[in-house]
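Structural features, examined
So the chains spell out like this:
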Amino acid sequence: MSLVRAFLIAIAVVATVYGGFRLLRALERPETRLESVRCWFNPPPLRSAQCFRFTAPESRETASNRVVRIPVVILRSPSTPPDEPPVLHLMGGPGQPAGIATSRGVAAWARLLNRDQWARDRDHILVDTRGVGVLASPRLRCAALSDTRWALRLDALGDGPEAIREIDKTVGACRAAFARAGVDLGAYDTEAAARDLADLRRALKLPGWTVYGISYGARLALELMRIDPGGVHAAILDSVPPPDQPLLTTLLPDMQHSLDLLYADCRASTECHGAYPELRRSLERTVIRLRGHPVNLSVRKPKGSATLSLRLDDGTYLQILEYGLMTGGWLPFLPGIIDDTAKGGTKLLAHLATAAAFDPYGETDSNGVLLSSLCREELPYNPENALDQARTGHPLLRGMDMTAMLRAECRAWSVGEAPRAFRQPVESDVPTLFVNGAYDTRTPPRFAERQAAHMANGIRLVLRARGHAPSRSSACAKAAMAAFLDAPRGAEPPACVRFQAPPHFLSRRGPEAAIKNL
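Every value quoted in this text rests on a predicted model; they were computed, and no experiment measured them.

Conventions adopted
Residues numbered from 1 in each chain as written. Predicted model: local features only at pLDDT ≥ 70, side-chain atom pairs only at ≥ 80, totals over all residues. Heavy atoms only, no water. Helix = DSSP H or I, 4+ residues; strand = E, 2+ residues; numbered from the N terminus. Buried < 20%, exposed > 50% of the residue type's maximum accessible area, 1.4 Å probe, protein only. Contact = heavy atoms within 4.5 Å. Polar contact = N/O pair within 3.5 Å; in protein donor to acceptor, adjacent residues only side chain to side chain. Axes fitted to C-alpha atoms, helices over the stretch in contact; angles between N-to-C directions. Parallel < 35°, antiparallel > 145°, perpendicular 65-115°, else oblique. Left-handed = near helix turned anticlockwise from the far one by under 90°. Nonpolar A, V, L, I, M, F, W, Y, C, P; charged D, E, K, R; others polar. Core = buried A, V, L, I, M, F, W, Y, C linked by side-chain atoms within 4.5 Å. Pairing = 2+ DSSP bridges. Salt bridge = Lys/Arg side-chain N within 4 Å of Asp/Glu carboxyl O. 1 Å grid on protein atoms, 1.4 Å probe; cavity = no way out; pocket = protein on both sides within 12 Å on 5 of 7 lines; lining within 4 Å. Points joined across faces, edges and corners; volume = space filled by probe spheres on them.

**Details of the environment of His-89**
Looking at the element boundaries, His-89 is found in strand 4 (residues 87-90). Using a relative accessible area of 2% as the deciding quantity, one classes His-89 as buried. Residues His-89 and Arg-391, spaced 302 residues apart in sequence, show a C-alpha to C-alpha distance of 36 Å. Beyond its immediate chain neighbours, meaning those up to four positions away, His-89 contacts Trp-109, Leu-113, Trp-118, His-124, Ile-125, Leu-126, Val-127 and Tyr-212. Polar contacts involving the side chain of His-89 include one to the side chain of His-124, which spans 2.8 Å.

This is the structure:
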């Protein structure tokens, strides 16, 4: 036998053995499983509840035998038509829990669903996706990363070497703890979560469901439409980030667009323009002053006694204002806050800074899922030259660019890069309603316009006086959702769409008293 033939036979034997080994490992891989369990909460008002625990492989790409477990709650209405698909709710973040861990949270859901016309006569499925929420196993949360005091310490350090070392230490310790537990952090991404949901639908024996996603939840909904198109009856996507749209490189131009809209709306209002005739100049003067001379701003946690000191430089000031633009309830107060801060005041700004610093989401999020998604799916697809162009094109706003800090966090988190196919547009003929707020800085209306170009049955709704995630609070959005779900392929927009107006801004005759009532 020739040496060449012997070598080829040896390779064939090795390949056969290796292939058999892979087959055995694949056979050992855990299967998905749906278990009906007793509900862990009190019966909600006016609805019946079913509860499940869903188990799936942690990784569908490797031979790991680890699993993830997620809670599932179905709230059923007694008036749901027999052929009406249930509504699957997908939360933002990524990493935001659905609020189903307690009786209080589920009761709040039931009240909301019983009140809103679009939701009242439908069944609703609430789920915490992999890694998210106190009932998930494992839960990807490190308390240190959501500690307001740690965030304030990083703000005080700026973006220099000491801040990078602090990130390496804290994020690295979090990652090491998960590594010791055997958690594959790269398995907690959007594609894996979407595959869980597709398997869940099949396990529930549902022919289809309506998918309602907000912010990142809308991005997850798109991925579900890509991998399980036949299982999605219709979709409502509020504040959607399309997969082919880089988010970090557009932050500064989109922030400027929202500020320009604020200036224009104030200028068009006799009352606002009379009270704040130099709104743009007021903001620009404050940014330049704080860039050279930061000040300390005291913030106190609501219903708490501790007061924390926030280093207020230009970047932090702009981030606080961005929170106000995104959170629609603060829009009426922004001209007054900008004017007061330009005159050296901090009292009005402190109210907004407190809301931003102690946003309830940060106290419950699964920040490990957030890092895995940002570091694996977003940061690698935002080239540094494009980020440089954004900073050069918007020098006034450059202080709010936090990409250097995110890069440091991602180096410590080390989860690799998502396949390029994940960033390709989602093509679909599923009837889809896109909802946006005109003031949204993170997922502006043009994002939905971009995605709608790939949808054969897409309808767009832009709410004039709203920011991020307006479908939760806008009566007009809810009317549009009701009309859409009643006739997904032929819905007419409600009359309220034609009668929208800009925000009603409060003048300097007492914004603080109104702020305290928020």
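**Some thoughts on the packing of helix 12 (residues 334-342) against helix 13 (residues 347-357)**
Two numbers describe how helix 12 lies on helix 13: the axes approach to 8 Å, and their chain directions differ by 125 degrees. Viewed along their axes, helix 12 and helix 13 adopt a mutual orientation that is oblique. Seen from above, helix 12 lies across helix 13 with left-handed handedness. The segment helix 12 lies against helix 13, with Leu-334, Gly-336, Ile-337, Asp-340 and Thr-341 engaging Lys-347, Leu-348, Leu-349 and Leu-352. Split into classes, the residues belonging to the contact of helix 12 with helix 13 amount to five nonpolar, two polar and two charged.

**Details of the nonpolar core**
If you look at the biggest cluster of nonpolar residues, it comprises 64 residues, and the most contacted ones within it are Leu-88, Leu-197, Trp-209 and Trp-413. When residues of this core are assigned to their parent elements, the largest contribution, seven residues, is made by helix 7 (residues 216-227). Setting aside its immediate chain neighbours within four residues, Trp-413 contacts Val-171, Cys-174, Arg-175, Phe-178, Leu-185, Gly-368, Leu-371, Ser-372 and Cys-375. Counting 45 residues, the second largest nonpolar core, distinct from the first, contains Leu-152, Leu-259, Leu-262 and Tyr-263.

**Some points on the sheet that holds strand 4**
In space, the nine strands of this open sheet follow the order 1-2-3-5-4-6-7-10-11, with mixed pairing throughout. Unpaired on one side and paired on the other, strand 1 (33-37) and strand 11 (458-463) mark the two borders of the sheet. Direction aside, neighbouring strands of the sheet carry axes that sit 20 degrees apart on average. The pairing of strand 10 (residues 432-437) with strand 11 spans six bridges and is classified as parallel. For Val-435, the partnering residue across the bridge sits in strand 11 and is Leu-461. Sitting on the sheet, helix 7 is in contact with strand 4, strand 6 (209-214), strand 7 (232-238) and strand 10, with an inclination near 145 degrees to strand 6. Against the sheet, helix 19 (residues 475-486) touches strand 6, strand 7, strand 10 and strand 11, its axis set at about 165 degrees to strand 11.

**Some details on the pattern of salt bridges**
Within this structure, the stated rule accounts for 33 salt bridges. Here Asp-228 and Arg-202 are joined by a salt bridge, their closest N and O atoms 3.8 Å apart. Remark: Arg-202 occurs in helix 6 (residues 190-203) and Asp-228 occurs in the loop between helix 7 and strand 7; sequence separation between them is 26 residues. Ionic pairing is found between Arg-311 and Asp-313, a salt bridge with its closest N-O pair at 2.9 Å. Each of Arg-60, Arg-130, Asp-196, Asp-199, Arg-201, Arg-202 and Asp-228 takes part in a single network of salt bridges with overlapping partners.

**Re empty space enclosed by the protein**
With the rule as written, the count across this model stands at two cavities of 30 Å³ or more. Of the pockets and cavities examined, the largest cavity occupies roughly 140 Å³. In terms of lining residues, the largest cavity is bounded by 17 residues, among which Gly-95, Thr-129, Val-132, Tyr-216 and Leu-220 are the most central. Taken together, the residues of the lining of the largest cavity sort by class into 10 nonpolar, four polar and three charged. Within this model, the second largest cavity holds a volume of roughly 40 Å³. What lines the second largest cavity is Leu-248, Leu-251, Leu-252, Leu-387, Ala-390, Arg-391 and Asp-401. Of all the secondary-structure elements, those providing two or more residues to the lining of the second largest cavity are helix 8 (251-268) and helix 16 (384-393). Here the lining of the second largest cavity takes three residues from helix 16, the largest share from any one element.

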